[in-house]
Amino acid sequence: MDVLRLYDGEYKFVSIIWNTEPIRSGKLVRLCSEQLGWKKSTTYTMLKKLCQKGVLQNKDSVVTALMTQEDVQRQESCAVMERTFHGSLPKFLTAFLQDRTLTEKEAEELKALIDRHRKDISS
């Protein structure tokens, strides 16, 4: 399966849909004009492209997302980690946290996340 990758403009476009769906295509054109400065033709071209990618659906002039924002974020994050860090989560986190300080709450959330996903090696 090919990994989905959205360019910045595509992601902004889909974000409008995630925030407003289901949305009639005419209203989508107005929102894209207001928020992105796009012309009608640009909106419909992007809509067609993302329908072909399987991200969106345009049925009877009503646009809905076929993929959640979380699904797209997960696929794109995995692609970046694979390409840039050869799939190494520790290397990714090291680079990401290099110049950051975590709050106590953030550290606890990360610890809890790791504990939930830790593989039980005793089995």
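Definitions and cut-offs
Residues numbered from 1 in each chain as written. Predicted model: local features only at pLDDT ≥ 70, side-chain atom pairs only at ≥ 80, totals over all residues. Heavy atoms only, no water. Axes fitted to C-alpha atoms, helices over the stretch in contact; angles between N-to-C directions. Helix = DSSP H or I, 4+ residues; strand = E, 2+ residues; numbered from the N terminus. Parallel < 35°, antiparallel > 145°, perpendicular 65-115°, else oblique. Left-handed = near helix turned anticlockwise from the far one by under 90°. Contact = heavy atoms within 4.5 Å. Nonpolar A, V, L, I, M, F, W, Y, C, P; charged D, E, K, R; others polar. Phe/Tyr/Trp six-rings, centres within 6.5 Å; stacked < 30°, edge-to-face > 60°. Buried < 20%, exposed > 50% of the residue type's maximum accessible area, 1.4 Å probe, protein only. Core = buried A, V, L, I, M, F, W, Y, C linked by side-chain atoms within 4.5 Å. 1 Å grid on protein atoms, 1.4 Å probe; cavity = no way out; pocket = protein on both sides within 12 Å on 5 of 7 lines; lining within 4 Å. Points joined across faces, edges and corners; volume = space filled by probe spheres on them.

**Observations regarding the packing of helix 1 (residues 8-20) against helix 2 (residues 25-36)**
Point 1. In the contact formed by helix 1 and helix 2, the axes pass within 11 Å of each other and the chain directions differ by 125°. When the interaxial angle is binned, helix 1 and helix 2 end up oblique. The hand of the helix 1/helix 2 crossing is right-handed. Of the residues in helix 2, those in contact with K12, F13, I16, I17 and T20 of helix 1 are L28, L31, C32, Q35 and L36.
Point 2. Along the lines of polarity and charge, the residues of the contact of helix 1 with helix 2 split into seven nonpolar, two polar and one charged.

**Side note on the packing of aromatic side chains**
Point 1. In total, this model carries four aromatic pairs according to the counting rule given.
Point 2. Both rings, one in F13 and one in W38, keep their centres 5.5 Å apart while their planes meet at 25°; by these two values the pair is stacked. Note that F13 is positioned in helix 1 and W38 in the loop between helix 2 and helix 3 (40-52), a separation of 25 residues in sequence.
Point 3. Here the aromatic rings of F92 and F96 are separated by 6.2 Å at their centres, their planes lie at 15°, and the arrangement is stacked. One end of the pair is F92 and the other is F96, both in helix 5 (residues 89-97) and four residues apart, which spans about a single turn.
Point 4. Look at F96 and you get partly exposed, because its relative accessible area is 47%.

**A word on the nonpolar core**
Point 1. Counting 21 residues, the largest nonpolar core has L6, F13, V14, L28, L50, V55 and L56 as its most contacted members.
Point 2. Of all the secondary-structure elements, those providing two or more residues to this core are helix 1, helix 2, helix 3 and strand 3 (62-65).
Point 3. If one sorts the elements of this core by residue count, helix 1 sits on top with five residues.
Point 4. With sequence-adjacent residues up to four places away left out, V55 is seen in contact with L4, L6, V14, L50, A65, L66 and M67.

**Section: the layout of surface pockets**
Point 1. In this model, the largest pocket occupies a volume close to 570 Å³.
Point 2. Considering the residues around the largest pocket, the lining is formed by 13 residues, among which M81, L89, F92, L93 and L113 are closest to the centre.
Point 3. Of all the elements in the fold, those that place two or more residues in the lining of the largest pocket are helix 4 (69-85), helix 5 and helix 6 (104-117).
Point 4. With five residues, the single largest contributor to the lining of the largest pocket is helix 5.

**Some remarks on the packing of helix 1 against helix 3**
Axis angle and axis distance: for two packed helices, these are the angle between their axes and the distance between the axes, and together they describe the pair.
Point 1. Between helix 1 and helix 3, whose axes approach to 11 Å, the crossing angle comes to 90°. Considering the angle they form, helix 1 stands roughly perpendicular to helix 3. Contacts from G9, E10, F13 and V14 in helix 1 reach T43, M46, L47, K49 and L50 in helix 3.
Point 2. Residues of the contact of helix 1 with helix 3, tallied by class, amount to five nonpolar, two polar and two charged.

**Regarding the side chain of E10**
Point 1. With respect to the element layout, E10 can be found in helix 1.
Point 2. With relative accessibility at 1%, the residue E10 sits in the buried group.
Point 3. Among residues more than four places away in sequence, those in contact with E10 are R5, M46, K49, L50 and K53.

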